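# Reading the structure
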Amino acid sequence: MKLNLNRRNFLALAAAGATLPLTTRLAMAQATPFNFQASWINDAEFAGYFVALDKGYYKDEGLDVTYLSGGPDVIPESSLIAGKADLTLTTPDTTIKAIVEQGAPFKIIGAQYQKNPIGIVSLASNPIKTPQDLVGKTLAVPPVNVISVEAMLKISGVDRAAVNIVPYAYDPTPLIKGEIDASLDFTTNVPFTIQQAGVEATSFLLYDFGFTIFNDTVVVTTDTLAAKRKEIVSFLRASRKGWEENLKDTTVYPPTFAETWFKGTGRSIENEVFFNTAQKPLMEAAGGIFSMSEEDIAKNIEALAAVGIAATREMFDTTVLEEI
């Protein structure tokens, strides 16, 4: 598009801008670009960020946030290394594994989910209620999550060789058809999808059987933390405000995103309301959204040690949360 501005037009536009409130003009002039990489497609998992974007909470903090949607082909940590994102959400096992084995310069500075929502989903007609129930059964697991399942089995004293683990492509159809006995899924979402197919599902969290790790851990590089600490604190403050607003009533905001953030995902708003409601108790903590208590950090370190991932306290930085 060609933009023609003569002196008269320029002065007219400048005069119009001058009539804006001082706070608005300052925000426009001082907003700092900040790129946020999500870990999955646009769904209720990110509702608090959508609220913060739509209500201007980030702008109030002086940030111009670019939201980068995730998906099955997106590796969140790679966006940090490539300089594409300033901050992302990850699973602590993959992040810490990268720190230990590759010397990745990551810091975990918060946790969206205090209890990991990933669990074992099965049909009520053929229920899998404990890790021991998986013996002799076929369990579909996304490749990225195999390590989590192996950790849960080891902690529960179940022989890995006794469970037939097959690849999973985030589609509950094989479970509904009885082609597998269970799948590893977000318990906040997939049971609803199965229910919509006319079948009742049951589930349990890996967290409740020893694999006590966070999920959607908030991760930055050490360089970004040093260079953009103020912006990171501002991002977390605005995001916490967005989540607090969203969780006041989990039925309110998903319908408002139907033609914006949730458009084109192929999932119903009823599904997103179910998800939003189910995730609330997994996120809330005495220290507020994103908090990481010393007790919970210790649980993460212990659970990861069970599968040979040597996490240390230094990999978790709680000082940023103290500034919110």
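Residues numbered from 1 in each chain as written. Predicted model: local features only at pLDDT ≥ 70, side-chain atom pairs only at ≥ 80, totals over all residues. Heavy atoms only, no water.

### A word on the packing of aromatic side chains
Per the stated rule, a full pass over the model turns up 22 aromatic pairs. Considering the side-chain rings of F204 and F209, the 4.9 Å spacing of their centres and the 65° angle between planes classify their relative orientation as edge-to-face. Given a relative accessible area of 8%, F204 falls into the buried group. (Phe/Tyr/Trp six-rings, centres within 6.5 Å; stacked < 30°, edge-to-face > 60°. Buried < 20%, exposed > 50% of the residue type's maximum accessible area, 1.4 Å probe, protein only.)

### A word on the sheet that holds strand β4 (residues 106-113)
If you walk across this open sheet you meet the 5 strands as β2-β1-β3-β10-β4, and the pairing is mixed. The sheet is open, and its two edges are formed by β2 (63-68) and β4, each paired on a single side. Pairs of neighbouring strands in the sheet enclose a mean axial angle of 25°, with direction left out of account. Across 3 bridges, strand β3 (residues 87-90) lies against strand β10 (residues 215-221) in antiparallel orientation. When the sheet's bridge partners are listed, L89 is paired in β10 with V218. Sheet contacts for helix α6 (residues 92-102): β3, β4 and β10; angle to β4, the most-contacted strand, approximately 175°. (Pairing = 2+ DSSP bridges. Helix = DSSP H or I, 4+ residues; strand = E, 2+ residues; numbered from the N terminus. Axes fitted to C-alpha atoms, helices over the stretch in contact; angles between N-to-C directions. Contact = heavy atoms within 4.5 Å.)

### Quick look at the sheet that holds strand β6 (residues 138-141)
Sheet strands line up and pair through hydrogen bonds in the backbone, either parallel or antiparallel. Read across the sheet, 5 strands follow the order β7-β6-β8-β5-β9 without closing on themselves; strand pairing throughout is mixed. The sheet terminates laterally at β7 (164-167) and β9 (201-205), the two strands that pair on one side only. Going from strand to strand, the sheet's axes swing by 35° on average, the running direction of each strand aside. Relative to strand β8 (residues 182-186), β6 runs parallel, the two sharing 2 bridges. Directly across from L139, in β8, lies its bridge partner A182.

### Regarding the pattern of salt bridges
Using the criterion set out here, one finds 12 salt bridges in the structure. By sharing partners, the salt bridges in this structure join D43, R267 and E272 into a single network. (Salt bridge = Lys/Arg side-chain N within 4 Å of Asp/Glu carboxyl O.)

### Here's the deal with the environment of E270
Following the sequence through the fold, E270 ends up in helix α13 (residues 269-283). We classify E270 as exposed; its relative accessible area is 52%. Linking E270 and F34, residues 236 residues apart in sequence, is a C-alpha distance of 32 Å.

### Quick notes on the layout of surface pockets
Roughly 950 Å³ of volume is contained in the largest pocket. Taken together, 43 residues form the lining of the largest pocket, with S39, W40, N145, Y170 and F186 sitting closest to its centre. Among the elements of the structure, α5 (76-81), β3, α6, β8, α9 (190-196), β10 and α13 are those that each provide at least two residues to the lining of the largest pocket. Ranked by the residues each element gives to the lining of the largest pocket, the list is headed by α9, at 4 residues. (1 Å grid on protein atoms, 1.4 Å probe; cavity = no way out; pocket = protein on both sides within 12 Å on 5 of 7 lines; lining within 4 Å. Points joined across faces, edges and corners; volume = space filled by probe spheres on them.)

### Overview of the side chain of D93
With respect to the element layout, D93 can be found in helix α6. Comment: no salt bridge for buried D93; closest opposite-charge side chain is K97, at 9.1 Å. Side chain to side chain, D93 and T91 meet in a polar contact 2.8 Å long. At 2.9 Å, the side chain of D93 and the side chain of S148 are in polar contact. Apart from residues lying up to four places away in sequence, D93 is in contact with I147, S148, F211, I213, L304 and I309. (Lys, Arg positive; Asp, Glu negative; His and termini not counted. Polar contact = N/O pair within 3.5 Å; in protein donor to acceptor, adjacent residues only side chain to side chain.)

### Digging into the nonpolar core
Ranked by internal contacts, the top residues of the largest apolar core, which has 85 residues, are Y49, L87, I120, L134, I232, F235 and L236. In contact with I232, other than residues within four places in its own chain, are F34, L87, I109, V220, T224, L225 and V320. Core analysis: the second largest hydrophobic core is formed by 9 residues, V121, A140, I180 and V190 among them. (Core = buried A, V, L, I, M, F, W, Y, C linked by side-chain atoms within 4.5 Å.)

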